[in-house]
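Summary of structural features
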Amino acid sequence: MPPDPSLHQRRRPLTEAELHTIPWLARIEPGERARAAAALRVVQARAGDHVCRVGRPATYWFGVLSGLLKMSSDTPQGQTMTFTGLPPGGWFGEGTAIKREPYRYNVQALRTSLVAGLPVDTFHWLLDHSIGFNRFVMNQLNERLGQFIAAREIDRISNPELRLARSLAILFNPVLYPGVGEVLRTTQQELAYLVGLSRQRVNEALATLQAQGVIRVEYGGVRVLDLEALRSGALGGH
């Protein structure tokens, strides 16, 4: 049998409905938007597909239209270190695209996901010509810095409920991931991959957080009820 076509081979132009889900398109001028829309491509990534690989050149700036991705790298000891999850609405890799350097991380689909890509040359054209685009990217970089500082703090947390709470707060960031809304579509196994806990520990931590009234576990996802409590770690009994 012939091999499956690669993600690059499966890419296609976006529909008008898909274009409307991209937050930064609304912030740029009509001519800039037309140029970006013509260059944008989208692909359906299956669970396990790599969108980015360590050492590969950056050819696109990527965004998640639906689904869930994981950003990670492998240590010299062969262990996988997860940096963050990438839920709907999230655009990522702007630092790598700006510097036109090879990826220093892997990005892999945890479930079937729709991923859009803006070619790096168009990305740089917008940086050179669009004030609105520059503001969006600067805001992304600022939020991303805060995200990774929080992620380093989470690495030092041993309490599973607090670790899960802070990790969920990152995934509910309305600036980085405006497509999430109040419900994150995910499974306990996917959360286990992202948080670095066993599925059983995640299940127990979810039950504790739900009992404290900060989240509600629903069919196919998690609804946030008190985002500030998740962010601050001000949980009952801690």
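What comes next is a walk through the structure. (Residues numbered from 1 in each chain as written. Predicted model: local features only at pLDDT ≥ 70, side-chain atom pairs only at ≥ 80, totals over all residues. Heavy atoms only, no water.)

**Describing the pattern of salt bridges**
- Here the structure, examined in full by the defined rule, presents 12 salt bridges.
- A salt bridge links Arg12 to Glu18, with the nearest nitrogen and oxygen atoms 2.7 Å apart.
- Using a relative accessible area of 13% as the deciding quantity, one classes Glu18 as buried.
- With its nearest N and O atoms 3.0 Å apart, the salt bridge here joins Glu190 to Arg111. With Glu190 in helix H8 (residues 188-195) and Arg111 in the loop between strand E7 (106-109) and strand E8 (113-119), the pair connects residues that are 79 residues apart, well separated along the chain.
- A relative accessible area of 7% means that Glu190 is categorised as buried.
- It is possible to trace a salt-bridge network through shared partners that takes in Glu182, Arg216, Glu218 and Arg223. (Salt bridge = Lys/Arg side-chain N within 4 Å of Asp/Glu carboxyl O. Buried < 20%, exposed > 50% of the residue type's maximum accessible area, 1.4 Å probe, protein only. Helix = DSSP H or I, 4+ residues; strand = E, 2+ residues; numbered from the N terminus.)

**Digging into the packing of helix H7 (residues 160-171) against helix H9 (residues 199-211)**
- Where H7 contacts H9, the axes come no closer than 9 Å and their chain directions differ by 80°. As judged from the angle between their axes, H7 and H9 are roughly perpendicular. Between H7 and H9, the contacting residues are Pro160, Glu161, Leu164, Ala165 and Leu168 on the first element and Arg201, Val202, Ala205, Leu206, Thr208 and Leu209 on the second.
- Broken down by class, the residue content of the contact of H7 with H9 amounts to eight nonpolar, one polar and two charged. (Axes fitted to C-alpha atoms, helices over the stretch in contact; angles between N-to-C directions. Parallel < 35°, antiparallel > 145°, perpendicular 65-115°, else oblique. Contact = heavy atoms within 4.5 Å. Nonpolar A, V, L, I, M, F, W, Y, C, P; charged D, E, K, R; others polar.)

**With respect to the sheet that holds E7**
- Pairing is antiparallel across the open sheet formed by four strands, whose spatial order is E2-E7-E4-E5. The open sheet has two edge strands with one neighbour each: strand E2 (50-52) and strand E5 (80-86). Across this sheet, the average inter-strand angle for adjacent strands is 30°, counted without regard to direction.
- Looking at chain direction, strand E4 (residues 69-74) and E5 are connected through six bridges and run antiparallel. Residue Lys70 lies in a different strand from E5, and its bridge partner there is Gly85.
- Strands E4 and E5 of the sheet are contacted by H8, whose axis makes an angle of about 120° with E5. (Pairing = 2+ DSSP bridges.)

**Observations regarding helix H6 (residues 131-155)**
- Helix length check: H6 (25 residues) gives 36 Å between terminal C-alpha atoms against 36 Å at 1.5 Å per residue, within 8%.
- Among the residues of H6, Gly132, Phe133, Phe136, Val137, Gln140, Arg144, Gln147, Ala150, Ala151 and Ile154 are the ones counted as buried.
- For H6, the N-terminal cap is Ser130; the gap from its side-chain oxygen to the backbone nitrogen of Phe133 is 3.0 Å. (Expected span 1.5 Å × (residues − 1). Polar contact = N/O pair within 3.5 Å; in protein donor to acceptor, adjacent residues only side chain to side chain.)

**A short note on H8**
- Buried within H8 we find Glu190, Leu191, Ala192, Leu194 and Val195.
- Buried residues in H8 make contact with E4, E5, H7, strand E9 (183-185), H9 and strand E11 (221-224).
- Phi for Gly196, located one or two positions after H8, is positive at around 80°.

**Regarding the sheet that holds E11**
- In spatial order, the strands read E9-E11-E10; together these three strands make up an open sheet with antiparallel pairing. On the outer flanks of this sheet lie E9 and strand E10 (215-218), each paired with one strand and no other. Across the sheet, the axes of successive neighbouring strands diverge by a mean angle of 20°, strand direction being ignored.
- Sheet topology note: the E9/E11 ladder contains three bridges and is antiparallel. Across the sheet, Leu184 pairs through a bridge with Val222, a residue of E11.

**Remarks on the pairing of E10**
- When E10 meets E11, the two strands line up antiparallel, connected through four bridges. When the sheet's bridge partners are listed, Ile215 is paired in E11 with Val224.

**Some words on the packing of helix H3 (residues 30-39) against helix H5 (residues 120-129)**
- In the contact formed by H3 and H5, the axes pass within 10 Å of each other and the chain directions differ by 170°. As the angle between them shows, H3 and H5 are arranged roughly antiparallel. Where H3 abuts H5, its residues Glu32, Arg35, Ala36 and Ala39 lie against Thr122, Trp125, Leu126 and His129.
- Class assignment of the residues belonging to the contact of H3 with H5 gives a composition of four nonpolar, two polar and two charged.

**A few points about the side chain of Glu101**
- One can find Glu101 in the loop between helix H4 (94-99) and E7.
- Since its relative accessible area comes to 16%, Glu101 is described here as buried.
- Those residues in contact with Glu101 that sit more than four places away from it in its chain are Ala58 and Thr96.

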